[in-house]
Amino acid sequence: METNLWIVDKSVDKKKGYPQLIEAAHLLAENEVVAFPTETVYGLGGNAKSDEAVRKIFGAKGRPNDNPLIVHVASMEQLNEITVEIPKLAKTLINEFWPGPLTLILEKKEGVLSTSVTAGLRTVGVRMPDHPVALELIRASGVPIAAPSANTSGKPSPTTAKHVSDDLNGKIAGIVDGGPTGVGVESTVLDCTVSVPVILRPGGVTKEALEAVIGPIKEDAALKNQAVTPKSPGMKYTHYAPNAPLILIEGSREFFQQIVDQYKAEGKKVAVMVPEEHADDYQSDYLVRSGSLANLQSVAARLYDTLRTFNDLDVDIILAEVYPETGIGQAIMNRLHKAAGHQLIKEK
Ligand code: AMP
Ligand code: MG
């Protein structure tokens with residue numbers, strides 16, 4: 001299949017009404033799948049009402065069928081079309097955080113969406129992306145758009161159109177290139193079907209920000225304890241992994257350097273992933289800067305690009321520093337633990 005490419009400048013083309021999106025929206029309405037930018041990562045979109053489109057999404061990504069897709073809407077009418085009554089807390093969150101990187105799990109309206117979107121669950125994950133290109137594309141297609149991240153399942157999520165193309169060129173109808181995404185990690189997934197909402201996946205909207213609006217919320221126990229089965233089916237899968245093994249190191253910089261030296265002594269080529277502030281502190285074969293400790297948003301924004309960078313290097317092992325688990329740091333560490341397959345070496 002030939003993959004179309006449409007280049008859109010989100011600020012310049014707005015005034016013209018995004019003419020590049022006409023063909024992409026048309027293909028979506030015909031149940032083809034198209035990748036597009038959102039404020040979090042690139043999504044692989046398809047008509048959420050169509051079994052055919054949803055099958056194409058799972059097929060192109062190689063995604064396990066039991067992992068439900070998030071449905072993206074461009075209006076409250078579309079939200080009401082796919083869900084039954086929305087709880088009061090959820091309404092408050094919608095007013096505060098939409099459009100934005102917050103996915104709400106709500107009870108779905110029966111018989112509207114393709115059953116494979118929700119992997120047979122009674123609930124649906126839904127959000128309104130904060131990106132003018134995404135919103136216009138959804139609006140122009142005329143249907144709610146199911147969109148997981150536009151990467152091959154298991155690989156780091158895509159934050160540029162090139163990442164999408166590296167994984168999916170030839171497998172999808174098109175890519176809308178709107179430049180690099182902003183937030184860099186996926187949306188926060190919040191279960192709103194229970195009386196006290198539960199974070200199933202940390203993401204772009206922090207726990208602190210949610211609690212400032214609706215008071216104390218819970219976190220799925222599986223986020224802290226690997227022995228517990230996650231409530232979100234997708235959270236049990238390996239994800240975001242670079243080609244070479246990644247190990248997280250928790251401890252002093254001296255301790256980190258000792259681990260580097262041990263691997264080097266074994267004849268391994270070692271890459272390290274460290275914040276800018278520590279870039280001069282290590283001696284290794286390769287050093288990749290992850291962003292600034294003083295601004296964890298910058299680490300989130302380039303996290304997946306950083307992880308993909310290692311695939312272009314001739315490296316046997318990647319060692320990465322850990323980050324404070326406050327604010328967006330929670331989402332960063334959630335993704336890094338997964339990318340590392342939960343391998344962590346801690347200084348005693
Ligand atoms: P992705 O599409 O890769 O951003 O992943 C979407 C995440 O949301 C996965 O972890 C899914 O398991 C989760 N998710 C989507 N819909 C639901 C739902 N109805 N209930 C629980 N988790 C969901
Ligand atoms: Mg994904």
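From a predicted model like this one, the values you see are computed outputs, not experimental measurements. (Residues numbered from 1 in each chain as written. Chains lettered and ligands numbered in written order. Predicted model: local features only at pLDDT ≥ 70, side-chain atom pairs only at ≥ 80, totals over all residues. Heavy atoms only, no water.)

### Some details on the UniProt feature "binding site: L-threonine" (unreviewed entry) in the protein
And step 1. UniProt records the feature "binding site: L-threonine" (unreviewed entry) for Thr40, His72, Arg127, Ala147 and Ser187 in the present numbering. Separation in sequence by 148 residues is not matched in space for these annotated residues, since their most distant C-alpha atoms are only 12.6 Å apart.
And step 2. With a relative accessible area of 4%, Thr40 lands in the buried category.
And step 3. The contact partners of Thr40, leaving out residues within four places of it in the chain, are Pro101, Arg127, Thr159, Thr181, Val183, Gly184, Val185, Glu186 and Ser187. (UniProt positions renumbered as here; feature names shortened; annotations may be inferred. Buried < 20%, exposed > 50% of the residue type's maximum accessible area, 1.4 Å probe, protein only. Contact = heavy atoms within 4.5 Å.)

### Comments concerning empty space enclosed by the protein
And step 1. In the structure shown here, the tally under the stated rule is 1 cavity of 30 Å³ or more.
And step 2. Considered as a void within the structure, the largest cavity measures approximately 40 Å³ in volume. (1 Å grid on protein atoms, 1.4 Å probe; cavity = no way out; pocket = protein on both sides within 12 Å on 5 of 7 lines; lining within 4 Å. Points joined across faces, edges and corners; volume = space filled by probe spheres on them.)

### Structural notes on the pattern of salt bridges
And step 1. Evaluated as defined, the whole model comprises 16 salt bridges.
And step 2. The partner of Glu219 in a salt bridge is Lys224, with the nearest N and O atoms 3.7 Å apart.
And step 3. On the basis of relative accessibility, which here comes to 28%, the residue Glu219 falls in the partly exposed class.
And step 4. Its relative accessible area of 60% is what places Lys224 among the exposed residues.
And step 5. Between Asp281 and Arg253 there is a salt bridge, and its shortest N-O distance comes to 2.7 Å. Here Asp281 is found in the loop between β13 (270-274) and β14 (286-289), whereas its partner Arg253 is found in helix α8 (residues 253-265), with 28 residues between them in sequence.
And step 6. What you see here is one network of salt bridges that share partners, running through Glu32, Glu52 and Lys56. (Salt bridge = Lys/Arg side-chain N within 4 Å of Asp/Glu carboxyl O. Helix = DSSP H or I, 4+ residues; strand = E, 2+ residues; numbered from the N terminus.)

### Some details on the site of ligand 1
And step 1. Taken together, 18 residues form the shell around ligand 1, and within it Arg63, Asn67, Arg201, Ser232 and Gly234 come nearest.
And step 2. Between Asn67 and ligand 1, the recorded distance is 3.0 Å, taken from a side-chain N or O atom to an oxygen atom.
And step 3. At 3.0 Å, a side-chain N or O of Arg201 approaches an oxygen atom of ligand 1.
And step 4. If ligand 1 stood free it would expose 500 Å²; the protein chains cover 95% of that surface.
And step 5. Every element with two or more residues in the shell around ligand 1 is listed here: β6 (123-127) and β10 (198-201).
And step 6. Taken together, the residues of the shell around ligand 1 sort by class into 10 nonpolar, 6 polar and 2 charged. (Near = heavy atom within 4 Å. Polar contact = N/O pair within 3.5 Å; in protein donor to acceptor, adjacent residues only side chain to side chain. Areas by Shrake-Rupley, 256 points an atom, 1.4 Å probe, with all protein chains shown as cover. Nonpolar A, V, L, I, M, F, W, Y, C, P; charged D, E, K, R; others polar.)

### Quick look at the sheet that holds strand β16 (residues 344-346)
The strands that make up a sheet are held in pairs by hydrogen bonds between backbone atoms, and each pair lies either parallel or antiparallel.
And step 1. With respect to topology, 5 strands assemble into an open sheet ordered β14-β13-β15-β12-β16, the strand pairing being parallel. If you trace the sheet from one side to the other, it starts and ends with β14 and β16, each paired once. On average, each strand axis in the sheet is tilted by 25 degrees relative to the strand beside it, whichever way the strands run.
And step 2. Contacts from α8 reach β12 (246-250), β13, β15 (317-321) and β16, with the element oriented near 180 degrees to β15.
And step 3. Of the strands in this sheet, β12, β13, β15 and β16 are in contact with helix α10 (residues 329-339), which crosses β12 at around 130 degrees. (Pairing = 2+ DSSP bridges. Axes fitted to C-alpha atoms, helices over the stretch in contact; angles between N-to-C directions.)

### Some points on the packing of helix α1 (residues 21-29) against helix α5 (residues 132-141)
And step 1. Where α1 contacts α5, the two axes come as close as 8 Å, and the packing angle between them is 50 degrees. In terms of axis orientation, α1 runs oblique to α5. Our pair here, α1 against α5, has a crossing hand that is right-handed. Taken together, the residues of α5 that come into contact with α1 (itself represented by Leu21, Ala24, Ala25, Leu28 and Ala29) are Val133, Glu136, Leu137, Ala140 and Ser141.
And step 2. Residue composition of the contact of α1 with α5, by class: 8 nonpolar, 1 polar and 1 charged. (Parallel < 35°, antiparallel > 145°, perpendicular 65-115°, else oblique. Left-handed = near helix turned anticlockwise from the far one by under 90°.)

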